[in-house]
Amino acid sequence: MKRALVVAAVTLALAGGGLALALRRAPAGTLLDEPASPFALEPAAPGWRAAFVDGRAALRAMRWLTPRQPGVLVAQAQTQSDRQMVTLLREGAAPLDLQVARPQGVGEGFWRLAKLEDARVQGDGSVLLLYLSGAGTEPSLLLCAAPGEAEARWTFRGAFERMATSGSVAFLYGTKTPVLRLPLAGAGKRPAAREIELPPEAPALDDLLATGAESFLAAAPG
């Protein structure tokens, strides 16, 4: 399957101990006055430059995710005190910061090294966060977080590595795992997944694209 991926050209640079990037798209709108973010944004034609400026945070790791939604870039910062900070940088808007607390039932060992693989902004403003085990020995974690809420709205764990979304449904899958169809639940409700059986000629998947709440296109080796 041929895949074309391009929404924006991004330039990363290290400057003054902070991580800077330029979003190579024309700015849209203006920055809003919102609570202080660990990132500072400033115009840098033809886009914006963002720098991590929180000198109080002793970082363990900083990661930039592969862009999944047009106009949205996601950063994961892990601190030495085991805090998970997620920031969404959106064109022309102030950064959206999520201070993600360790969900109930998730072990400290998993949370300390958890790798944020994907993040998707939903229509109601909440964000789906897909974490993989840093040690590769525990089930993955999908959670729904919202700005200003101290706890995750819900969590779901299982054997999956990637996700694709369509409206109020997420398809969770991996290279050698079943496809799970997960209706996205409301606040306080734990979602239940249904396994979708794949045909014998597609025992593993390379990629998946949701085309509706009940359908998807998939690419398999060979």
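Residues numbered from 1 in each chain as written. Predicted model: local features only at pLDDT ≥ 70, side-chain atom pairs only at ≥ 80, totals over all residues. Heavy atoms only, no water.

Colleague: So, the sheet that holds strand β7 (residues 84-90): which residues are in play, and what are the values?
Modeller: One open sheet holds the four strands; their spatial order is β5-β6-β7-β8, and the pairing between them is antiparallel. Edge positions in the sheet fall to β5 (59-64) and β8 (96-100), since each of these pairs with one other strand and no more. Neighbour-to-neighbour, the strand axes of this sheet turn through a mean angle of 15°, independent of strand direction. (Pairing = 2+ DSSP bridges. Helix = DSSP H or I, 4+ residues; strand = E, 2+ residues; numbered from the N terminus. Axes fitted to C-alpha atoms, helices over the stretch in contact; angles between N-to-C directions.)

Colleague: Tell me about the nonpolar core, and please be specific about residues and values.
Modeller: Core analysis: the largest hydrophobic core is formed by 20 residues, its most contacted members being Val 86, Leu 129 and Tyr 131. Counting residues per element, the ones that place at least two in this core are β6 (72-79), β7, β8, α1 (108-113), β9 (115-121), β10 (127-132) and β11 (140-145). The contacts of Val 86, once residues within four sequence positions are left out, are Val 74, Ala 75, Leu 96, Asp 97, Leu 98, Val 100, Leu 116, Leu 129 and Tyr 131. In this structure, Leu 128, Phe 156, Leu 180 and Leu 182 belong to the second largest nonpolar core, which totals 14 residues. (Core = buried A, V, L, I, M, F, W, Y, C linked by side-chain atoms within 4.5 Å. Buried < 20%, exposed > 50% of the residue type's maximum accessible area, 1.4 Å probe, protein only. Contact = heavy atoms within 4.5 Å.)

Colleague: Could you give an account of the side chain of Gln 76, with specific residues and numbers?
Modeller: Locating Gln 76 in the fold gives a position in strand β6. On the basis of relative accessible area, Gln 76 is assigned to the buried category, the value being 0%. Here Gln 84 takes part through its side chain, which lies 2.9 Å from a polar atom of the side chain of Gln 76. If we ignore the near neighbours within four places in the chain, the residues touching Gln 76 are Ala 61, Met 62, Arg 63, Gln 84, Met 85, Ala 114, Lys 115, Leu 116 and Tyr 131. (Polar contact = N/O pair within 3.5 Å; in protein donor to acceptor, adjacent residues only side chain to side chain.)

Colleague: Residues and numbers for the sheet that holds strand β14 (residues 169-173), please.
Modeller: Pairing between the strands of a sheet is mediated by backbone hydrogen bonds and can be parallel or antiparallel. Pairing is antiparallel in the open sheet, where four strands are placed in the order β13-β14-β15-β16. Two strands bound the open sheet, and with one partner strand each, they are β13 (162-166) and β16 (194-196). Strand after strand, the sheet turns through a mean of 25° between neighbouring axes, direction not considered. Relative to β14, β13 runs antiparallel, the two being bridged by five bridges. Pairing of Met 163 across the sheet is with Leu 172, part of β14.

Colleague: So, the pattern of salt bridges: which residues are in play, and what are the values?
Modeller: As enumerated under the stated definition, the model contains eleven salt bridges in all. One salt bridge in this structure joins Glu 42 and Arg 49, with 3.7 Å as the shortest N-O distance. Note on Arg 49: relative accessible area 37%, which makes it partly exposed. For Asp 118, the salt bridge goes to Arg 68, with nearest N and O atoms at 3.9 Å. One end of the pair, Asp 118, is in strand β9; the other, Arg 68, is in the loop between β5 and β6, with 50 residues separating them in the sequence. Among the ionic contacts, a cluster of salt bridges with common partners joins Arg 68, Asp 118 and Arg 120. (Salt bridge = Lys/Arg side-chain N within 4 Å of Asp/Glu carboxyl O.)

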